[in-house]
Amino acid sequence: MSGSTPSPSEITRLQTALRRLLGSAGLTVNPPPRAGMSVELAVNGEVIGTIHRDDDEGEVSYAINMVLLEEDLPAEK
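Residues numbered from 1 in each chain as written. Predicted model: local features only at pLDDT ≥ 70, side-chain atom pairs only at ≥ 80, totals over all residues. Heavy atoms only, no water.

Named according to an unreviewed UniProt entry, the protein chain is DUF3126 domain-containing protein originating from Acetobacter indonesiensis.

Rendered as structure tokens:
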């Protein structure tokens, strides 16, 4: 099992698929800002997580790690 950075073509395809699946035109998949960093998942320009590519014996999958801060949640009622 090994991880690698998605190619530019994969990033475009991931963005298209995630926009469709999650119903958000404001969602973007951004290449790593620097070598060795993760691909970023953003909504309306705000980074909300990372996407990791895994290639296990020729089967490719992608895992999303999303972080929500408590301070970004709506107030309790």
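Draft legend 1. Looking closely at the nonpolar core. Residues Ile11, Leu14, Leu18, Leu27, Val29, Val39, Leu41, Ile48 and Ile51 constitute the largest nonpolar core, which totals nine residues. In terms of residue count, helix 1 (residues 8-22) provides more of this core than any other element does, three residues in total. Not counting the four nearest positions on each side in its chain, Ile51 is found in contact with Leu14, Leu18, Val29, Val39, Leu41, Tyr62, Ala63 and Ile64. (Core = buried A, V, L, I, M, F, W, Y, C linked by side-chain atoms within 4.5 Å. Buried < 20%, exposed > 50% of the residue type's maximum accessible area, 1.4 Å probe, protein only. Helix = DSSP H or I, 4+ residues; strand = E, 2+ residues; numbered from the N terminus. Contact = heavy atoms within 4.5 Å.)

Draft legend 2. View of the pairing of strand 5 (residues 59-66). Note that strand 4 (residues 46-56) and strand 5 share eight bridges and pair antiparallel. Residue Asp56 lies in a different strand from strand 5, and its bridge partner there is Glu59. (Pairing = 2+ DSSP bridges.)

Draft legend 3. Broad picture of the environment of Leu22. With respect to the helices, strands and loops of the structure, Leu22 is situated in helix 1. For the pair Leu22 and Ser38, spaced 16 residues apart in sequence, the C-alpha separation works out to 21 Å.

Draft legend 4. How the structure looks around unusual backbone geometry. Backbone geometry at Asn44 places phi at a positive 50°, although glycine is not the residue there. Within the fold, Asn44 resides in the loop between strand 3 (39-43) and strand 4. Notably, Glu57 is not glycine yet its phi reads approximately 55°, a positive angle. Of note, Glu57 is situated in the loop between strand 4 and strand 5.

Draft legend 5. Region of interest: the side chain of Gln15. Tracing the backbone through its elements, the reader meets Gln15 in helix 1. With relative accessibility at 19%, the residue Gln15 sits in the buried group. For Gln15, the contacting residues outside a window of four places in its chain are Leu27, Thr28 and Val29.

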